Amino acid sequence: MERYLIVAHGEDVDGIISAALMTRKIRKDDRNANIDYVFVSYSNQLISFIKLYEKVKIGSDGLHLIILDLNVNDGIRNLICNISLYCKDVMIFDHHSGTVENRDKLIACGNVSVSAYGYNSKISTSSMVYLEPLSGDFSSFVLSGIAQVSDYSETQCDIAEKKYGDDLQKIITLFNFLHESRDTHSLLVDLVRTLSVCINVFDELKYVIKLNDYARLREDAENVFKKSIDKVNIVLPTLRLEMFITAYAPSILPQKETLRYLRDKYRGKNYSGYFVIFDNPVNNVLFFKDHDSDFDATNFCSFMGGGGRDGDGGFSICEEVAIELFERIKGDIILSLTEYLGKNK
């Protein structure tokens with residue numbers, strides 16, 4: 001029996017659908033294959049791969065490792081190369097710039113293959129999985145299109161396709177929000193397996209109920225988020241003024257959608273960017289540039305130990321974020337942003 005381990009981004013539609021499509025591909029080739037999963041968040045990516053390395057050293061003979069929708073930066077690259085020593089092979093599908101930059105060094109590990117196009121190619125990881133191993137499969141085509149729309153909001157689509165992606169993101173966000181119940185992993189596994197055999201998970205009553213649960217939790221969270229929205233003005237030594245919008249967000253709110261809300265609301269008002277601090281278990285800052293600004297949030301996020309793509313990015317907060325800590329954490333980020341702008345403007 002062949003053994004597979006799928007390591008995927010567990011916080012958004014593209015990561016979950018790409019895992020489902022890969023599951024479909026494996027089952028198509030081998031109905032009896034043993035498939036396990038690891039779901040990674042932005043804030044725990046490094047520790048997840050460290051734990052994976054410790055696990056595979058114990059016993060992973062013949063393991064096929066598949067990594068989906070995860071930005072492979074320098075630190076993760078070295079871990080993957082070490083992990084590959086204990087695996088039959090490693091396959092990576094991704095559309096982040098870090099993976100593109102590290103592709104040759106990853107392949108040099110010997111048994112690692114990399115499909116990486118970069119964010120500017122405007123192709124989701126799910127679309128990559130569909131185009132390569134699953135081309136011609138209609139259900140996979142539909143699901144990859146939903147992931148494409150979810151990851152690239154400018155993608156043309158019909159209303160039903162957009163709504164399905166939004167609803168699926170709500171379910172994924174809810175499952176990650178339930179971290180204290182220790183059910184997140186099993187809930188995400190069940191969702192991936194369901195998507196691997198059917199297109200519309202909302203044909204199942206349990207997911208309709210979860211969607212209603214999400215709606216009740218989200219209403220209170222949106223009120224907290226909107227009350228926290230604040231304007232930040234930074235005057236540089238050159239007397240140039242840089243203006244930003246910041247906010248606090250409970251982790252029940254979808255990360256990208258929340259940032260897009262701010263960017264759409266304040267576009268055309270001369271803001272350079274928008275950053276939102278998400279609370280536990282996300283413990284992450286997401287930072288988007290304004291469409292009309294030359295500010296590069298990706299570079300700032302790299303300066304803060306994170307990364308990103310296409311001018312947007314994120315970085316982790318090394319503590320459990322709560323509303324009581326918002327002002328202090330925001331102040332620390334503003335100090336770092338001021339330092340960064342002073343060096344790069």
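See above for the structure.
Attention here is on the structure that accompanies the text. Just so you know, these numbers come straight off a predicted model, no measurement behind them.

Moving on: the packing of aromatic side chains. All chains considered together, the criterion is met by 18 aromatic pairs. Centre to centre, the rings of Tyr-37 and Phe-39 are 5.9 Å apart; their planes meet at 5°, and the pair counts as stacked. The ring of Tyr-266 has Lys-265 lying over it, and the distance from NZ or CZ to the ring centre is 5.6 Å.

In this section: the packing of helix 1 (residues 13–29) against helix 6 (residues 138–151). Here helix 1 crosses helix 6 at 165°, and the two axes come no closer than 9 Å. Classified by the angle their axes make, helix 1 and helix 6 are roughly antiparallel. Note that helix 1 runs across helix 6; the crossing there is left-handed. Residues Val-13, Asp-14, Ile-17, Leu-21 and Arg-24 of helix 1 touch helix 6, and the partners they reach there are Ser-139, Ser-140, Leu-143, Ser-144, Ile-146, Ala-147, Ser-150 and Asp-151.

Right, let's talk about the sheet that holds strand 9 (residues 284–289) for a bit. Strand order across the open sheet formed by six strands is 6-7-8-9-11-10, with mixed pairing between neighbours. Each edge of the sheet is formed by a strand with only one pairing partner; in this case those strands are strand 6 (230–235) and strand 10 (307–309). Shown here is a sheet whose adjacent strand axes are inclined to one another by a mean of 20°, direction ignored. With four bridges connecting them, strand 9 and strand 11 (residues 312–316) associate as antiparallel partners. In the sheet register, Leu-286 faces strand 11, and the bridge partner there is Gly-314.

Let us now look at the sheet that holds strand 3 (residues 63–68). Strand order in the open sheet made by the five strands is 2-1-3-4-5, with parallel pairing throughout. The sheet terminates laterally at strand 2 (34–40) and strand 5 (112–116), the two strands that pair on one side only. Neighbour to neighbour, the strand axes of the sheet diverge by 15° on average, direction disregarded. Alignment of strand 3 against strand 4 (residues 89–94), held across five bridges, turns out to be parallel.

A cluster of basic residues, Lys-226, Lys-231, Lys-265 and Lys-269, forms a positive patch at the surface. One can find Lys-265 in helix 10 (residues 255–266).

Taken as a whole and assessed by the stated rule, the structure comprises 24 salt bridges. Ionic pairing is found between Asp-12 and Lys-256, a salt bridge with its closest N-O pair at 3.0 Å. You can see Asp-12 sitting in the loop between strand 1 (3–9) and helix 1 and its partner Lys-256 sitting in helix 10, a full 244 residues away along the chain. For Asp-12, a relative accessible area of 5% gives the class buried. The exposure class of Lys-256 is buried, given its relative accessible area of 17%. The salt bridge partner of Asp-312 is Arg-263, with a shortest N-O separation of 3.4 Å. Note that Asp-312 is positioned in strand 11 and Arg-263 in helix 10, a separation of 49 residues in sequence.

Quick notes on the rules
- Residues numbered from 1 in each chain as written.
- Predicted model: local features only at pLDDT ≥ 70, side-chain atom pairs only at ≥ 80, totals over all residues.
- Heavy atoms only, no water.
- Phe/Tyr/Trp six-rings, centres within 6.5 Å; stacked < 30°, edge-to-face > 60°.
- Lys NZ or Arg CZ within 6 Å of the ring centre and 35° of its normal.
- Axes fitted to C-alpha atoms, helices over the stretch in contact; angles between N-to-C directions.
- Helix = DSSP H or I, 4+ residues; strand = E, 2+ residues; numbered from the N terminus.
- Parallel < 35°, antiparallel > 145°, perpendicular 65-115°, else oblique.
- Left-handed = near helix turned anticlockwise from the far one by under 90°.
- Contact = heavy atoms within 4.5 Å.
- Pairing = 2+ DSSP bridges.
- Patch = residues over 30% accessible without salt bridge, like charges linked within 9 Å, V, L, I, M, F, W, Y side chains within 5 Å.
- Areas by Shrake-Rupley, 256 points an atom, 1.4 Å probe, with all protein chains shown as cover.
- Salt bridge = Lys/Arg side-chain N within 4 Å of Asp/Glu carboxyl O.
- Lys, Arg positive; Asp, Glu negative; His and termini not counted.
- Charge placed at Lys NZ, Arg CZ, Asp CG, Glu CD.
- Buried < 20%, exposed > 50% of the residue type's maximum accessible area, 1.4 Å probe, protein only.

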